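Listed here are the chains, written in short residue letters.
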Amino acid sequence: NTGSLTKCEPSLAKSDWQRKLTPEQFYVTREKGTELPFSGIYLNTKEAGMYHCVCCDSPLFSSEKKYCSGTGWPSFSEAHGTSGSDESNTGILRRLDTSLGLARTEVVCKQAHLGHVFPDGPGPTGQRFCINSVALKFKPSKH
Ligand SMILES: [Zn+2]
């Protein structure tokens, strides 16, 4: 029994997410929070593998596109599945975010807030996906 039958809930209910996630994961992915710079567990991870979404488990970013931006958050030059400038086969979506009174581009998956993308990354894409460690779950490549 989940209450009102008229209520349309495409994703999990808030209480379900609170059970599934740690408080910090909940704050970042559900309430669009940002972890403190230089606090994330994946900031200096250089191991080969894939970064998955902590909420929906989608493969989002490959270690091949991870680089050190010096900003204090894990940074990637493109999303996994990107083909040229086509992101239709990736696990991410872009959304305009004006929450701080300036226009930024929020990066989300189908279910969760992940971070932001900025146009000051390394070539050839020139993009910096600035992603919260707590929104990610790293899975090392099997060798
Ligand atoms: Zn997700």
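Residues numbered from 1 in each chain as written. Predicted model: local features only at pLDDT ≥ 70, side-chain atom pairs only at ≥ 80, totals over all residues. Heavy atoms only, no water.

The name recorded for the protein chain in an unreviewed UniProt entry is Peptide-methionine (R)-S-oxide reductase, from Loxodonta africana. Check the Subcellular location (unreviewed entry) section of the UniProt entry for the protein chain; it says "Mitochondrion". The UniProt entry for the protein chain carries the following comment under Sequence similarities (unreviewed entry): "Belongs to the MsrB Met sulfoxide reductase family." (UniProt positions renumbered as here; feature names shortened; annotations may be inferred.)

Core analysis: the biggest nonpolar cluster contains 25 residues, and Leu60, Phe61, Ile92, Leu114, Phe129, Ile131 and Leu136 have the highest contact counts within it. At the level of secondary structure, the elements contributing two or more residues to this core comprise helix 2 (23–30), strand 1 (49–53), strand 2 (59–62), strand 7 (113–118), strand 8 (128–131) and strand 9 (136–140). (Core = buried A, V, L, I, M, F, W, Y, C linked by side-chain atoms within 4.5 Å. Buried < 20%, exposed > 50% of the residue type's maximum accessible area, 1.4 Å probe, protein only. Helix = DSSP H or I, 4+ residues; strand = E, 2+ residues; numbered from the N terminus.)

Attention now goes to the coordination of the zinc ion. Coordination of the zinc ion by the protein comes from Cys53 (SG), Cys56 (SG) and Cys109 (SG), over a distance range of 2.1 to 2.3 Å. Here the donor residues of the zinc ion share one chain and are spaced in sequence as C-x2-C-x52-C. Of this pair, Cys56 sits in the loop between strand 1 and strand 2 while Cys109 sits in the loop between strand 6 (104–108) and strand 7, and the two are 53 residues apart along the sequence. Overall, Cys56 belongs to the partly exposed group, its relative accessible area being 26%. With relative accessibility at 3%, the residue Cys109 sits in the buried group. (Donors = N, O, S within 2.8 Å, 3.2 Å for Na, K, Ca; no water.)

The subject of this paragraph is the pairing of strand 6. Most of strand 6 sits out of view: four of its five residues are buried. In this structure, strand 5 (residues 93–97) lies alongside strand 6, joined through five bridges in antiparallel fashion. Its bridge partner being in strand 6, Leu96 is matched across the sheet by Thr105. Between the antiparallel neighbours strand 5 and strand 6 lie six residues, among them Gly101 with a positive phi of about 80 degrees. Bridge analysis of strand 6 against strand 7 gives four bridges, and the strand direction is antiparallel. Looking at the pairing, Val107 lines up with Gly115 of strand 7. Taking the residues that link successive antiparallel strands as the turn, the strand 6-strand 7 hairpin has four residues. (Pairing = 2+ DSSP bridges.)

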